[in-house]
Amino acid sequence: MVTTAAVVVTFNRLEKLKAVIESVRAQIEPVETLILIDNASTDGTREYLATLRDQDGIDVVTMPRNVGGAGGFAEGMRRGYGTGADFVWIMDDDCYPESTALAELTRGFADAVDELGPDVPFACSVVKFTDGTICEMNNPVPTWDWGRLLVKGQRNVMVTTCSFVSVLVPRWAIAEYGLPYAEYFIWFDDREYTLRLTRRCPGVQVLDSVVIHDMGENRGVNFGMVDPASVWKFEHGVRNEASYLFHHRGLLYYIEFGARLAVSLHRGRVPLPLRARLFKKWLAGVTFNPQVAFPDHSPEDKRPNTHSRR
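A. Spatial organisation of unusual backbone geometry. Positive phi outside glycine occurs at F185, with the angle close to 65°. Structurally, the position occupied by F185 is in the loop between α5 (171-177) and α6 (189-197). Residue class for F185 comes out buried when judged on its relative accessible area of 19%. With phi around 75°, F188 is a residue other than glycine that occupies positive phi space. The exposure class of F188 is buried, given its relative accessible area of 6%.

Okay, here's the thing in structure tokens:
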């Protein structure tokens, strides 16, 4: 029997957070611990979560300041690992899992391990928008042979990266590959982390595990959409992706990213002062190089050992 710690990171979305908590509690396969990371919310979330502190199986963590999604997930995964759970299941505060979502994730993960071996590093859900369509921002990137498990009769496809909206990570992967970069704050933390996990073996998207992402407007993002109100987010994105490419992929990838950035900004007719701010962050990626943090663990935790079926 495997055990799971769920992690939800929240900031000023109290009503949606309540729905997420209700959805996690309604799982047909229950979680052993629900870890709620509050990024110093100011909308009453702190007061609401205070009412949950004494309930069994709930760990409420109030951060001293808003450390972004990346900082919240890093802290939540560290705590989830510390519970001794076999899996940590992570999601945003506007992600509503269907009642079978976790059961299907653990089943799909076990099926993938049966075919690919014990190195499968994560399983993620299908993410739908509130109207039932696919969520534009949360589509995993498939491998070239993504259908390999489908032709074997499984309901899994192989992927290299996904967003932090319902991802199940086994304990051994956290011990071996560490935590997400907390310094990435709000952008590219999920992509970098899942790419890190798939160095040896792809992850899987479990087609029968479904969550609803209540993100307000269903559309993807690109650098041509930068405006004065959103530029601060894009600055984090440019710096983080530039840092990843420069330090982990090489100079040519870094330069190619700069060229793509220039083309996107030109096509989007982004004002020149905003372009200048983003290219300043592109340059900052050369010196910005966070290091991987690891949870406390014993050497035996590095062995893949969480793939057995229930």
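B. Quick look at the packing of helix α7 (residues 231-249) against helix α8 (residues 251-267). The interhelical angle for the contact between α7 and α8, taken along N-to-C directions, is 155°, at an axis separation of 6 Å. Overall, the two elements α7 and α8 adopt an arrangement that is roughly antiparallel. On the side of α7, the interface is formed by V238, E241, A242, L245, F246 and R249, while α8 contributes L251, Y253, Y254, F257, R260 and L261.

C. Main features of the pattern of salt bridges. Tallied over the full model, the rule gives 19 salt bridges. A salt bridge links E192 to R196; the shortest N-O distance between them is 2.8 Å. Of this pair, E192 and R196 are both found in helix α6, 4 residues apart, which corresponds to roughly one turn of the helix. Of the two residues, E192 and R196, neither departs from the other in class, the shared state being buried.

D. α8, seen in detail. The end-to-end C-alpha distance of α8, which contains 17 residues, comes to 25 Å, matching closely the 24 Å that a straight helix rising 1.5 Å per residue would cover. Three or more residues of α8 are buried, namely Y254, F257, G258, L261 and L265. The buried residues of α8 occupy one face: seen down the axis, they fall within an arc of 100°. Structural note: α8 exposes L252, H266 and R267 on the side pointing more than 90 degrees away from its buried face. Along its buried surface, α8 packs onto α7 and α9 (272-284). A positive phi of about 50° marks R269, the residue just after α8.

E. Seen up close, a nonpolar patch on the surface. On the surface, L251, L252 and I255 cluster together into a nonpolar patch covering about 330 Å² of accessible area. Relative to the helices and strands, L251 resides in helix α8.

F. Region of interest: the nonpolar core. By size, the foremost hydrophobic cluster in this structure holds 39 residues, and its most contacted members are L34, L36 and W89. Looking at this core element by element, the count peaks at 6 residues for helix α4 (residues 101-116). For L36, the residues in contact, after removing those within four places along its chain, are V8, L17, I21, L49, L52, I58, D59, V60 and V61. Counting 31 residues, the second largest nonpolar core, distinct from the first, contains I35, M77, F164 and Y193.

G. View of the pairing of strand β10 (residues 203-213). Most of β10 sits out of view: 8 of its 11 residues are buried. For strand β5 (residues 95-97) and β10, the ladder comprises 3 bridges, and the chain directions are antiparallel. The residue bridging C95 from the neighbouring strand is H213, located in β10. Taken together, the 7 bridges between strand β6 (residues 123-129) and β10 define a ladder with parallel strand orientation. In the strand pairing of β10, V126 is matched with V210. Two elements, strand β8 (residues 156-161) and β10, share 4 bridges in a ladder whose sense is antiparallel. What sits directly across from M158, in β10, is V204.

Parameters and conventions
- Residues numbered from 1 in each chain as written.
- Predicted model: local features only at pLDDT ≥ 70, side-chain atom pairs only at ≥ 80, totals over all residues.
- Heavy atoms only, no water.
- Helix = DSSP H or I, 4+ residues; strand = E, 2+ residues; numbered from the N terminus.
- Buried < 20%, exposed > 50% of the residue type's maximum accessible area, 1.4 Å probe, protein only.
- Axes fitted to C-alpha atoms, helices over the stretch in contact; angles between N-to-C directions.
- Parallel < 35°, antiparallel > 145°, perpendicular 65-115°, else oblique.
- Contact = heavy atoms within 4.5 Å.
- Salt bridge = Lys/Arg side-chain N within 4 Å of Asp/Glu carboxyl O.
- Expected span 1.5 Å × (residues − 1).
- Arc of directions from axis to C-beta.
- Patch = residues over 30% accessible without salt bridge, like charges linked within 9 Å, V, L, I, M, F, W, Y side chains within 5 Å.
- Areas by Shrake-Rupley, 256 points an atom, 1.4 Å probe, with all protein chains shown as cover.
- Core = buried A, V, L, I, M, F, W, Y, C linked by side-chain atoms within 4.5 Å.
- Pairing = 2+ DSSP bridges.

In short, the description is geometric, and any link to function would need to be established separately.
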